Amino acid sequence: MGRQATEMLKGTLEGIVLAILSTRAAYGYEITAWLREQGFSDIAEGTIYALLVRIEQRGLVDVAKVPSEKGPPRKVYSLNAQGREYLEEFWKTWAFLTERLEQLRQGGNQA
């Protein structure tokens with residue numbers, strides 16, 4: 001992934017992680033692995049863990065500690081009602097931005 005894509009991803013990563021958690025509960029490594037499978041190969045595990053801490057502190061997710069076969073229990077994150085509201089707002093903003101960007105790309109409605 002190039003520098004421009006990396007910078008764009010930084011701005012949307014929170015919404016992407018919340019969208020993943022809207023479909024299923026997951027722990028940090030699972031989220032990182034899924035993102036890498038989808039082509040986001042430059043994502044560092046530490047980036048996802050830091051983001052998970054932030055969204056937990058903001059009350060967007062619920063956390064359950066689940067025993068692990070090796071090591072300490074894993075923190076499994078699931079989207080809660082507040083997180084679903086936040087994600088809905090993210091999708092509205094995303095739709096607005098993509099619509100405007102597509103208009104610009106097509107050469108219409110330029111200022």
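Residues numbered from 1 in each chain as written. Predicted model: local features only at pLDDT ≥ 70, side-chain atom pairs only at ≥ 80, totals over all residues. Heavy atoms only, no water.

Caption draft 1: Geometry of the sheet that holds strand β3 (residues 74-79). Spatially, 3 strands are ordered β1-β3-β2 in an open sheet, and the strand pairing comes out antiparallel. With partners counted over all chains shown, the strands left at the sheet margins are β1 (26-27) and β2 (61-66), one partner each. The sheet contact formed by β1 and β3 spans 2 bridges and is antiparallel. Residue pairing for β3: Ala26 is matched across the bridge by Tyr77. (Pairing = 2+ DSSP bridges. Helix = DSSP H or I, 4+ residues; strand = E, 2+ residues; numbered from the N terminus.)

Caption draft 2: Broad picture of the environment of Gly11. As for its position among the elements, Gly11 is in helix α1 (residues 3-23). By relative accessible area, Gly11 is classed as exposed at 63%. Each C-alpha atom, one on Gly11 and one on Gly108, is 25 Å from the other, the two residues being 97 residues apart in sequence. (Buried < 20%, exposed > 50% of the residue type's maximum accessible area, 1.4 Å probe, protein only.)

Caption draft 3: Structural context of helix α2 (residues 28-37). Turning to α2, its buried residues are Gly28, Ile31, Thr32 and Leu35. Each buried residue of α2 lies within a common arc of 100 degrees when the element is viewed along its axis, so the set occupies one face. Packed against the buried residues of α2 are α1, β1, α3 (45-57) and β3. (Arc of directions from axis to C-beta. Contact = heavy atoms within 4.5 Å.)

Caption draft 4: The arrangement of the pairing of β3 in detail. Taken together, the 6 bridges between β2 and β3 define a ladder with antiparallel strand orientation. Each bridged residue has a counterpart across the sheet, and for Val61 the counterpart in β3 is Leu79.

Caption draft 5: Fine view of the nonpolar core. Core analysis: the biggest nonpolar cluster contains 22 residues, and Val17, Leu21, Ile31 and Ile55 have the highest contact counts within it. Among the elements of the structure, α1, α2, α3, β3 and α4 (81-105) are those that each provide at least two residues to this core. Take this core: its biggest share by element is 8 residues, from α1. Contacts of Ile31, omitting those with residues within four sequence positions, involve Val17, Ile20, Leu21, Ala26, Ile48 and Leu52. (Core = buried A, V, L, I, M, F, W, Y, C linked by side-chain atoms within 4.5 Å.)

Caption draft 6: Inspection of the environment of Glu85 at higher detail. Checked against the element boundaries, Glu85 lands in helix α4. C-alpha separation for the pair Glu85 and Leu60, spaced 25 residues apart in sequence, amounts to 8.8 Å.

Caption draft 7: Examining the packing of α1 against α2 more closely. Remark: α1 packs on α2, axes separated minimally by 11 Å, with the N-to-C direction vectors making an angle of 110 degrees. What the angle tells us is that α1 and α2 run roughly perpendicular. Of α2, the residues touching α1 (which contributes Leu13, Ile16, Val17, Ile20 and Leu21) are Ile31, Trp34 and Leu35. Among the residues forming the contact of α1 with α2, the class breakdown is 8 nonpolar, no polar and no charged. (Axes fitted to C-alpha atoms, helices over the stretch in contact; angles between N-to-C directions. Parallel < 35°, antiparallel > 145°, perpendicular 65-115°, else oblique. Nonpolar A, V, L, I, M, F, W, Y, C, P; charged D, E, K, R; others polar.)

Purely spatial values, then, with no claim about function.
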